Amino acid sequence: MAENNPYPGENNTGHFWDDDSLRELDNPPPKWWMIALWASVAWFVLYTILYPSWPMPWLEGDGDKFTKGILGWTSIEEYKEGMEEVKAVRSKFDEQIADMSPEQILQDPGLTQYTLASAKVLFGDYCAACHGSGGKGNPGYPVLADDDWLWGGTLAKINETITNGRKGNMVAHANLLTEQEVDTLAKFAVELNQGDKGSDEAWALYNSKGCSGCHGPTANGVIAELPGGNVITVGAANLIDRIWRFKPGGYESAKHTILYGVNQDGVEQTRNAIMPGFAQLGQLDGKLTPDQIKILTVYVHELGGGK
Ligand code: HEC
Ligand code: HEC
(Lines give C-alpha, C1' and ligand atoms only; values in the text may rest on other atoms or scores of the structure.)
(Ligands and ions follow the chains in the order given, each with its own letter.)
Protein backbone atom coordinates (compact mmCIF):
# COMPACT_ATOMS: atom_id res chain seq x y z
CA MET A 1 0.00 0.00 0.00
CA ALA A 2 1.42 3.31 -0.96
CA GLU A 3 1.46 6.14 1.53
CA ASN A 4 0.34 8.73 -0.95
CA ASN A 5 -1.87 7.92 -3.82
CA PRO A 6 0.31 8.57 -6.90
CA TYR A 7 -2.81 8.47 -9.10
CA PRO A 8 -5.22 10.70 -7.21
CA GLY A 9 -7.50 11.43 -10.15
CA GLU A 10 -8.07 7.76 -10.81
CA ASN A 11 -10.89 5.64 -9.29
CA ASN A 12 -8.44 3.24 -7.72
CA THR A 13 -8.99 1.55 -4.35
CA GLY A 14 -5.61 2.61 -2.93
CA HIS A 15 -4.14 -0.88 -3.33
CA PHE A 16 -0.77 -0.84 -5.19
CA TRP A 17 1.87 -3.40 -5.92
CA ASP A 18 5.03 -3.72 -7.85
CA ASP A 19 6.38 -0.21 -7.30
CA ASP A 20 2.91 1.23 -7.68
CA SER A 21 2.69 0.14 -11.29
CA LEU A 22 0.04 -2.53 -10.54
CA ARG A 23 -3.10 -1.16 -8.88
CA GLU A 24 -6.68 -2.18 -8.18
CA LEU A 25 -9.32 -0.05 -9.83
CA ASP A 26 -12.92 0.27 -8.73
CA ASN A 27 -14.65 0.13 -12.12
CA PRO A 28 -18.22 -1.12 -12.23
CA PRO A 29 -18.56 -4.56 -13.96
CA PRO A 30 -19.66 -4.43 -17.61
CA LYS A 31 -23.37 -4.06 -18.20
CA TRP A 32 -23.80 -7.41 -19.95
CA TRP A 33 -22.29 -9.07 -16.90
CA MET A 34 -24.69 -7.34 -14.52
CA ILE A 35 -27.65 -8.24 -16.72
CA ALA A 36 -26.57 -11.86 -16.76
CA LEU A 37 -26.14 -11.83 -13.00
CA TRP A 38 -29.61 -10.42 -12.29
CA ALA A 39 -31.17 -12.65 -14.91
CA SER A 40 -29.77 -15.71 -13.21
CA VAL A 41 -30.93 -14.50 -9.82
CA ALA A 42 -34.41 -14.01 -11.27
CA TRP A 43 -34.24 -17.44 -12.89
CA PHE A 44 -33.18 -18.99 -9.61
CA VAL A 45 -36.06 -17.41 -7.68
CA LEU A 46 -38.59 -18.30 -10.34
CA TYR A 47 -37.30 -21.85 -10.58
CA THR A 48 -37.54 -22.50 -6.84
CA ILE A 49 -41.12 -21.22 -6.91
CA LEU A 50 -42.14 -23.35 -9.90
CA TYR A 51 -40.23 -26.61 -9.36
CA PRO A 52 -39.35 -28.89 -6.47
CA SER A 53 -36.15 -27.50 -4.96
CA TRP A 54 -35.51 -26.67 -1.32
CA PRO A 55 -34.79 -29.60 0.95
CA MET A 56 -36.76 -29.52 4.19
CA PRO A 57 -35.36 -32.37 6.24
CA TRP A 58 -36.99 -31.08 9.44
CA LEU A 59 -40.48 -31.99 8.17
CA GLU A 60 -42.28 -34.72 10.11
CA GLY A 61 -43.48 -37.97 8.52
CA ASP A 62 -42.31 -40.21 5.67
CA GLY A 63 -43.43 -38.04 2.76
CA ASP A 64 -41.29 -35.92 0.45
CA LYS A 65 -39.12 -33.51 2.40
CA PHE A 66 -38.66 -30.64 0.00
CA THR A 67 -40.67 -27.77 -1.47
CA LYS A 68 -42.93 -29.07 -4.23
CA GLY A 69 -43.09 -26.06 -6.55
CA ILE A 70 -46.37 -24.61 -7.77
CA LEU A 71 -46.29 -26.45 -11.14
CA GLY A 72 -46.56 -29.85 -9.45
CA TRP A 73 -43.90 -31.29 -11.79
CA THR A 74 -42.03 -34.41 -10.68
CA SER A 75 -39.41 -36.38 -12.56
CA ILE A 76 -41.26 -39.62 -11.78
CA GLU A 77 -44.45 -38.27 -13.38
CA GLU A 78 -42.50 -37.22 -16.44
CA TYR A 79 -40.96 -40.70 -16.63
CA LYS A 80 -44.39 -42.32 -16.29
CA GLU A 81 -45.82 -40.15 -19.05
CA GLY A 82 -42.90 -41.08 -21.27
CA MET A 83 -43.49 -44.74 -20.56
CA GLU A 84 -47.19 -44.34 -21.37
CA GLU A 85 -46.25 -42.97 -24.76
CA VAL A 86 -43.85 -45.85 -25.42
CA LYS A 87 -46.51 -48.31 -24.28
CA ALA A 88 -49.07 -46.77 -26.58
CA VAL A 89 -46.75 -47.21 -29.56
CA ARG A 90 -45.81 -50.73 -28.48
CA SER A 91 -49.34 -51.89 -27.83
CA LYS A 92 -50.28 -50.87 -31.35
CA PHE A 93 -47.58 -53.21 -32.68
CA ASP A 94 -48.30 -55.88 -30.10
CA GLU A 95 -51.99 -55.95 -30.99
CA GLN A 96 -51.16 -56.34 -34.65
CA ILE A 97 -48.73 -59.15 -33.92
CA ALA A 98 -51.25 -60.94 -31.69
CA ASP A 99 -53.55 -61.35 -34.70
CA MET A 100 -50.85 -62.46 -37.13
CA SER A 101 -49.10 -65.71 -37.89
CA PRO A 102 -45.29 -65.79 -37.96
CA GLU A 103 -45.50 -66.02 -41.77
CA GLN A 104 -47.57 -62.83 -41.93
CA ILE A 105 -45.23 -60.99 -39.58
CA LEU A 106 -42.29 -61.87 -41.81
CA GLN A 107 -44.06 -60.32 -44.80
CA ASP A 108 -44.14 -56.92 -43.10
CA PRO A 109 -40.63 -55.48 -42.83
CA GLY A 110 -41.57 -52.93 -40.15
CA LEU A 111 -43.28 -55.49 -37.95
CA THR A 112 -40.46 -57.95 -38.52
CA GLN A 113 -37.97 -55.40 -37.29
CA TYR A 114 -40.06 -54.64 -34.22
CA THR A 115 -40.54 -58.37 -33.57
CA LEU A 116 -36.84 -59.15 -33.84
CA ALA A 117 -35.93 -56.31 -31.48
CA SER A 118 -38.43 -57.42 -28.82
CA ALA A 119 -37.54 -61.07 -29.25
CA LYS A 120 -33.85 -60.33 -28.83
CA VAL A 121 -34.52 -59.12 -25.29
CA LEU A 122 -36.66 -62.18 -24.53
CA PHE A 123 -34.01 -64.45 -25.98
CA GLY A 124 -31.38 -62.88 -23.73
CA ASP A 125 -33.59 -63.42 -20.69
CA TYR A 126 -34.90 -66.91 -21.37
CA CYS A 127 -32.72 -68.71 -23.89
CA ALA A 128 -29.18 -67.35 -23.97
CA ALA A 129 -28.15 -69.09 -20.74
CA CYS A 130 -28.23 -72.36 -22.67
CA HIS A 131 -28.00 -71.38 -26.33
CA GLY A 132 -25.49 -68.56 -25.98
CA SER A 133 -26.09 -64.93 -26.90
CA GLY A 134 -27.57 -64.62 -30.35
CA GLY A 135 -28.01 -68.43 -30.37
CA LYS A 136 -24.32 -69.03 -31.08
CA GLY A 137 -24.46 -72.16 -28.95
CA ASN A 138 -22.74 -73.41 -25.82
CA PRO A 139 -21.03 -76.74 -25.27
CA GLY A 140 -23.86 -79.28 -24.89
CA TYR A 141 -26.49 -76.99 -26.42
CA PRO A 142 -27.25 -76.70 -30.10
CA VAL A 143 -26.33 -73.63 -32.11
CA LEU A 144 -29.50 -71.89 -33.29
CA ALA A 145 -27.74 -69.39 -35.53
CA ASP A 146 -27.24 -71.81 -38.39
CA ASP A 147 -29.57 -73.64 -40.74
CA ASP A 148 -28.76 -77.02 -39.28
CA TRP A 149 -31.72 -78.36 -37.32
CA LEU A 150 -32.29 -81.38 -35.13
CA TRP A 151 -36.05 -80.97 -35.08
CA GLY A 152 -36.66 -78.96 -38.25
CA GLY A 153 -36.28 -75.27 -38.98
CA THR A 154 -39.69 -74.35 -40.38
CA LEU A 155 -41.67 -71.77 -38.41
CA ALA A 156 -44.13 -74.46 -37.36
CA LYS A 157 -41.40 -76.80 -36.07
CA ILE A 158 -39.57 -74.05 -34.21
CA ASN A 159 -42.83 -72.95 -32.59
CA GLU A 160 -43.52 -76.54 -31.57
CA THR A 161 -40.01 -76.85 -30.11
CA ILE A 162 -40.32 -73.74 -27.95
CA THR A 163 -43.91 -74.47 -26.91
CA ASN A 164 -43.60 -78.13 -25.95
CA GLY A 165 -39.88 -78.61 -25.51
CA ARG A 166 -37.82 -81.45 -27.00
CA LYS A 167 -36.12 -84.48 -25.58
CA GLY A 168 -33.99 -86.46 -27.99
CA ASN A 169 -33.73 -90.14 -27.30
CA MET A 170 -30.91 -92.43 -28.32
CA VAL A 171 -30.56 -95.89 -26.84
CA ALA A 172 -27.36 -96.76 -25.00
CA HIS A 173 -25.62 -99.33 -27.17
CA ALA A 174 -23.06 -100.53 -24.60
CA ASN A 175 -24.94 -103.81 -24.21
CA LEU A 176 -26.21 -104.04 -27.77
CA LEU A 177 -22.99 -103.89 -29.80
CA THR A 178 -19.62 -105.61 -29.59
CA GLU A 179 -16.55 -103.49 -28.90
CA GLN A 180 -15.56 -104.00 -32.51
CA GLU A 181 -18.90 -102.72 -33.78
CA VAL A 182 -18.77 -99.67 -31.54
CA ASP A 183 -15.29 -98.93 -32.87
CA THR A 184 -16.42 -99.31 -36.49
CA LEU A 185 -19.43 -97.06 -35.98
CA ALA A 186 -17.51 -94.37 -34.08
CA LYS A 187 -14.90 -94.28 -36.86
CA PHE A 188 -17.75 -94.18 -39.37
CA ALA A 189 -19.26 -91.16 -37.57
CA VAL A 190 -15.89 -89.38 -37.74
CA GLU A 191 -15.51 -90.17 -41.44
CA LEU A 192 -18.98 -88.92 -42.25
CA ASN A 193 -18.34 -85.80 -40.22
CA GLN A 194 -15.22 -85.12 -42.26
CA GLY A 195 -17.16 -85.42 -45.48
CA ASP A 196 -15.96 -88.95 -46.36
CA LYS A 197 -18.43 -91.44 -47.76
CA GLY A 198 -17.82 -94.27 -45.29
CA SER A 199 -17.21 -97.93 -46.16
CA ASP A 200 -19.95 -100.30 -47.33
CA GLU A 201 -19.25 -102.46 -44.31
CA ALA A 202 -19.91 -99.55 -41.95
CA TRP A 203 -23.08 -98.55 -43.82
CA ALA A 204 -24.32 -102.14 -43.55
CA LEU A 205 -23.72 -102.09 -39.79
CA TYR A 206 -25.37 -98.66 -39.54
CA ASN A 207 -28.47 -100.01 -41.25
CA SER A 208 -28.62 -103.38 -39.53
CA LYS A 209 -28.18 -101.96 -36.01
CA GLY A 210 -31.07 -99.58 -36.39
CA CYS A 211 -29.06 -96.35 -36.53
CA SER A 212 -30.78 -95.42 -39.78
CA GLY A 213 -34.18 -95.70 -38.06
CA CYS A 214 -33.42 -92.42 -36.27
CA HIS A 215 -30.50 -90.83 -38.13
CA GLY A 216 -32.15 -91.51 -41.48
CA PRO A 217 -31.12 -93.45 -44.58
CA THR A 218 -28.48 -90.87 -45.58
CA ALA A 219 -27.42 -90.15 -41.96
CA ASN A 220 -28.45 -86.51 -42.25
CA GLY A 221 -30.75 -86.84 -39.25
CA VAL A 222 -33.89 -86.80 -41.38
CA ILE A 223 -36.10 -89.86 -41.60
CA ALA A 224 -38.20 -88.52 -44.46
CA GLU A 225 -38.65 -85.27 -46.34
CA LEU A 226 -42.15 -84.03 -47.01
CA PRO A 227 -43.29 -81.53 -49.62
CA GLY A 228 -43.09 -77.90 -48.50
CA GLY A 229 -39.76 -78.20 -46.71
CA ASN A 230 -41.19 -80.21 -43.84
CA VAL A 231 -39.27 -83.14 -42.47
CA ILE A 232 -39.91 -86.09 -40.22
CA THR A 233 -37.27 -86.38 -37.53
CA VAL A 234 -36.91 -87.75 -34.02
CA GLY A 235 -34.30 -85.12 -33.27
CA ALA A 236 -31.36 -87.39 -34.12
CA ALA A 237 -28.15 -85.55 -34.98
CA ASN A 238 -27.18 -84.97 -38.59
CA LEU A 239 -24.01 -87.06 -38.91
CA ILE A 240 -22.87 -85.67 -42.26
CA ASP A 241 -23.02 -81.92 -41.60
CA ARG A 242 -19.51 -81.53 -40.17
CA ILE A 243 -21.04 -80.20 -36.97
CA TRP A 244 -20.56 -82.11 -33.75
CA ARG A 245 -23.64 -81.86 -31.60
CA PHE A 246 -21.75 -83.01 -28.53
CA LYS A 247 -18.43 -81.42 -27.76
CA PRO A 248 -15.57 -81.90 -28.27
CA GLY A 249 -16.60 -84.21 -31.13
CA GLY A 250 -14.34 -86.73 -32.77
CA TYR A 251 -13.84 -90.43 -32.17
CA GLU A 252 -14.03 -90.58 -28.35
CA SER A 253 -16.99 -88.24 -28.29
CA ALA A 254 -18.90 -90.28 -30.88
CA LYS A 255 -18.03 -93.50 -29.06
CA HIS A 256 -19.32 -92.04 -25.81
CA THR A 257 -22.66 -91.18 -27.42
CA ILE A 258 -22.97 -94.60 -29.00
CA LEU A 259 -22.16 -96.42 -25.74
CA TYR A 260 -24.33 -94.39 -23.37
CA GLY A 261 -26.99 -92.87 -25.64
CA VAL A 262 -28.89 -89.66 -25.11
CA ASN A 263 -31.31 -88.87 -22.26
CA GLN A 264 -31.31 -92.49 -21.00
CA ASP A 265 -32.75 -92.85 -17.53
CA GLY A 266 -30.51 -94.86 -15.25
CA VAL A 267 -27.48 -94.62 -17.57
CA GLU A 268 -25.05 -92.53 -15.61
CA GLN A 269 -22.89 -91.32 -18.48
CA THR A 270 -25.71 -90.67 -20.91
CA ARG A 271 -25.80 -87.37 -22.80
CA ASN A 272 -28.32 -84.96 -21.36
CA ALA A 273 -30.14 -82.93 -23.95
CA ILE A 274 -33.46 -81.54 -22.84
CA MET A 275 -35.09 -78.45 -24.25
CA PRO A 276 -37.71 -77.18 -21.78
CA GLY A 277 -41.25 -76.57 -23.07
CA PHE A 278 -41.87 -72.90 -22.41
CA ALA A 279 -45.67 -73.07 -22.54
CA GLN A 280 -45.63 -75.81 -19.91
CA LEU A 281 -43.22 -74.26 -17.44
CA GLY A 282 -44.50 -72.84 -14.16
CA GLN A 283 -45.05 -69.08 -13.96
CA LEU A 284 -41.92 -68.63 -11.83
CA ASP A 285 -39.77 -70.89 -13.98
CA GLY A 286 -40.13 -68.69 -17.04
CA LYS A 287 -43.43 -69.69 -18.64
CA LEU A 288 -43.95 -67.76 -21.88
CA THR A 289 -47.21 -66.65 -23.47
CA PRO A 290 -48.15 -67.83 -26.98
CA ASP A 291 -47.37 -64.33 -28.29
CA GLN A 292 -43.92 -64.35 -26.73
CA ILE A 293 -43.31 -67.78 -28.22
CA LYS A 294 -44.51 -66.47 -31.57
CA ILE A 295 -42.00 -63.62 -31.70
CA LEU A 296 -39.22 -65.94 -30.49
CA THR A 297 -40.16 -68.30 -33.31
CA VAL A 298 -39.68 -65.52 -35.83
CA TYR A 299 -36.39 -64.53 -34.19
CA VAL A 300 -34.92 -68.06 -34.11
CA HIS A 301 -36.10 -68.66 -37.68
CA GLU A 302 -34.26 -65.54 -38.83
CA LEU A 303 -31.15 -66.49 -36.80
CA GLY A 304 -31.01 -69.65 -38.85
CA GLY A 305 -30.97 -67.59 -42.02
CA GLY A 306 -34.70 -68.10 -42.47
CA LYS A 307 -34.28 -71.76 -43.38
C1 HEC B 1 -32.02 -75.35 -20.01
C2 HEC B 1 -31.37 -75.10 -21.25
C3 HEC B 1 -32.21 -74.53 -22.39
C4 HEC B 1 -32.94 -73.37 -22.41
C5 HEC B 1 -33.12 -72.37 -21.29
C6 HEC B 1 -33.44 -73.24 -23.74
N7 HEC B 1 -33.06 -74.30 -24.50
FE8 HEC B 1 -33.53 -74.59 -26.45
N9 HEC B 1 -32.60 -76.39 -26.37
C10 HEC B 1 -31.92 -76.92 -25.31
C11 HEC B 1 -31.40 -78.20 -25.65
C12 HEC B 1 -30.57 -79.12 -24.76
C13 HEC B 1 -31.79 -78.46 -26.97
C14 HEC B 1 -31.48 -79.69 -27.81
C15 HEC B 1 -32.49 -80.73 -27.58
C16 HEC B 1 -32.06 -81.98 -28.25
O17 HEC B 1 -30.85 -82.25 -28.27
O18 HEC B 1 -32.90 -82.69 -28.75
C19 HEC B 1 -32.53 -77.28 -27.40
C20 HEC B 1 -33.09 -77.15 -28.66
C21 HEC B 1 -33.72 -76.01 -29.11
C22 HEC B 1 -34.24 -75.84 -30.45
C23 HEC B 1 -34.20 -76.89 -31.54
C24 HEC B 1 -32.90 -76.76 -32.30
C25 HEC B 1 -32.84 -77.68 -33.47
O26 HEC B 1 -31.73 -77.83 -33.99
O27 HEC B 1 -33.87 -78.22 -33.89
C28 HEC B 1 -34.77 -74.58 -30.53
C29 HEC B 1 -35.40 -73.92 -31.73
C30 HEC B 1 -34.59 -73.97 -29.23
N31 HEC B 1 -33.95 -74.86 -28.40
C32 HEC B 1 -34.99 -72.71 -28.93
C33 HEC B 1 -34.93 -72.19 -27.64
C34 HEC B 1 -35.50 -70.93 -27.27
C35 HEC B 1 -36.18 -69.94 -28.22
C36 HEC B 1 -35.30 -70.79 -25.94
C37 HEC B 1 -35.74 -69.64 -25.04
C38 HEC B 1 -37.17 -69.41 -24.98
C39 HEC B 1 -34.58 -71.95 -25.48
N40 HEC B 1 -34.39 -72.78 -26.54
C41 HEC B 1 -34.19 -72.16 -24.17
C42 HEC B 1 -31.75 -76.32 -24.09
C43 HEC B 1 -32.32 -75.12 -23.70
C1 HEC C 1 -33.81 -93.93 -31.07
C2 HEC C 1 -33.16 -93.07 -32.03
C3 HEC C 1 -31.68 -93.23 -32.26
C4 HEC C 1 -31.00 -94.36 -32.62
C5 HEC C 1 -31.55 -95.73 -32.83
C6 HEC C 1 -29.62 -93.97 -32.77
N7 HEC C 1 -29.46 -92.66 -32.50
FE8 HEC C 1 -27.72 -91.65 -32.50
N9 HEC C 1 -28.65 -90.00 -31.83
C10 HEC C 1 -30.01 -89.91 -31.61
C11 HEC C 1 -30.28 -88.66 -31.00
C12 HEC C 1 -31.65 -88.17 -30.58
C13 HEC C 1 -29.05 -88.01 -30.87
C14 HEC C 1 -28.76 -86.68 -30.21
C15 HEC C 1 -29.33 -85.51 -30.88
C16 HEC C 1 -29.41 -84.37 -29.91
O17 HEC C 1 -30.01 -84.52 -28.89
O18 HEC C 1 -28.84 -83.38 -30.20
C19 HEC C 1 -28.04 -88.88 -31.41
C20 HEC C 1 -26.69 -88.58 -31.47
C21 HEC C 1 -25.74 -89.38 -32.03
C22 HEC C 1 -24.37 -89.04 -32.17
C23 HEC C 1 -23.70 -87.76 -31.74
C24 HEC C 1 -23.44 -86.90 -32.93
C25 HEC C 1 -22.73 -85.61 -32.60
O26 HEC C 1 -22.67 -84.79 -33.52
O27 HEC C 1 -22.25 -85.41 -31.50
C28 HEC C 1 -23.76 -90.10 -32.78
C29 HEC C 1 -22.32 -90.21 -33.16
C30 HEC C 1 -24.78 -91.09 -33.00
N31 HEC C 1 -25.98 -90.64 -32.53
C32 HEC C 1 -24.55 -92.29 -33.62
C33 HEC C 1 -25.49 -93.31 -33.66
C34 HEC C 1 -25.20 -94.64 -34.14
C35 HEC C 1 -23.90 -95.09 -34.70
C36 HEC C 1 -26.34 -95.35 -33.96
C37 HEC C 1 -26.56 -96.81 -34.25
C38 HEC C 1 -25.79 -97.72 -33.43
C39 HEC C 1 -27.34 -94.45 -33.41
N40 HEC C 1 -26.78 -93.24 -33.24
C41 HEC C 1 -28.62 -94.84 -33.13
C42 HEC C 1 -30.97 -90.87 -31.87
C43 HEC C 1 -30.69 -92.17 -32.20
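A short tour of the structure in this document, coming up.

Rules used in this analysis
Residues numbered from 1 in each chain as written. Chains lettered and ligands numbered in written order. Predicted model: local features only at pLDDT ≥ 70, side-chain atom pairs only at ≥ 80, totals over all residues. Heavy atoms only, no water. Donors = N, O, S within 2.8 Å, 3.2 Å for Na, K, Ca; no water. Tetrahedral: all angles 85-135°; square planar, octahedral: opposite > 155°, others 65-115°. Helix = DSSP H or I, 4+ residues; strand = E, 2+ residues; numbered from the N terminus. Phe/Tyr/Trp six-rings, centres within 6.5 Å; stacked < 30°, edge-to-face > 60°. Buried < 20%, exposed > 50% of the residue type's maximum accessible area, 1.4 Å probe, protein only. Near = heavy atom within 4 Å. Polar contact = N/O pair within 3.5 Å; in protein donor to acceptor, adjacent residues only side chain to side chain. Nonpolar A, V, L, I, M, F, W, Y, C, P; charged D, E, K, R; others polar. Expected span 1.5 Å × (residues − 1). Contact = heavy atoms within 4.5 Å. Core = buried A, V, L, I, M, F, W, Y, C linked by side-chain atoms within 4.5 Å.

1. As for the coordination of the iron atom of ligand 2
Six octahedral donors around a metal ideally subtend angles of 90 or 180 degrees, whereas four tetrahedral donors ideally subtend 109.5 degrees. Met170 (SD) and His215 (NE2) make up the full set of protein donors to the iron atom of ligand 2, lying at 2.0 to 2.1 Å. Taken together, the six donor atoms surrounding the iron atom of ligand 2 define angles of 86 to 179° at the centre, an arrangement classified as octahedral. Residue methionine 170 is located in the loop between strand S3 (166-167) and helix H7 (179-193), and its partner histidine 215 is located in helix H9 (residues 211-215); the two are separated by 45 residues in the primary sequence.

2. Thoughts on the packing of aromatic side chains
Going through the model one piece at a time under the given rule, you end up with ten aromatic pairs. Ring plane angle 85° and centroid distance 6.0 Å describe the contact between phenylalanine 44 and tryptophan 54, whose orientation is recorded as edge-to-face. Here phenylalanine 44, found in helix H1 (residues 31-50), pairs with tryptophan 54, found in the loop between H1 and helix H2 (75-98); they are ten residues apart in sequence, far enough to count as distant. By relative accessible area, which is 45% here, phenylalanine 44 ends up partly exposed. Judged by centre distance (5.4 Å) and plane angle (80°), the ring pair of tryptophan 203 and tyrosine 206 falls under edge-to-face. Pair noted here: tryptophan 203 and tyrosine 206 are both in helix H8 (residues 200-208), with a separation of three residues, about one helical turn. Judged by its relative accessible area of 1%, tyrosine 206 falls in the buried class. Chaining the aromatic ring pairs together yields one cluster made of Trp43, Tyr47, Tyr51 and Trp73.

3. Considerations on the site of ligand 2
Residues in close proximity to ligand 2 total 23 residues, the closest being Met170, Cys211, Cys214, His215 and Arg245. Between ligand 2 and histidine 215, the relevant distance is 2.8 Å, taken from a nitrogen atom to a side-chain nitrogen or oxygen of the residue. Here an oxygen atom of ligand 2 and a side-chain polar atom of arginine 245 are 2.5 Å apart. Within the residue set of the shell around ligand 2, elements represented by two or more residues are H9 and helix H10 (251-260). Among the residues making up the shell around ligand 2, the classes are represented as 15 nonpolar, seven polar and one charged.

4. Concerning helix H11 (residues 290-303)
For H11, which comprises 14 residues, the first-to-last C-alpha distance of 20 Å matches the rise-based estimate of 20 Å (1.5 Å per residue) to within 8%. For H11, the set of buried residues is Ile293, Lys294, Ile295, Leu296, Thr297, Val298, Tyr299, Val300 and His301. Next to the buried residues of H11 lie H2, helix H3 (102-106), helix H4 (109-126) and helix H6 (155-164).

5. Some details on the nonpolar core
One finds Leu185, Phe188, Tyr206, Leu239 and Ile258 to be the most contacted residues of the largest nonpolar core, which totals 23 residues. Elements represented by at least two residues in this core include exactly H7, H8 and H10. Contact partners of leucine 185, with chain neighbours within four places excluded, come to Leu177, Ala202, Leu205, Tyr206, Cys211 and Ile258. Counting residues in each nonpolar core, the second largest holds 21 residues, with Leu111, Leu288, Ile295 and Tyr299 among its members.

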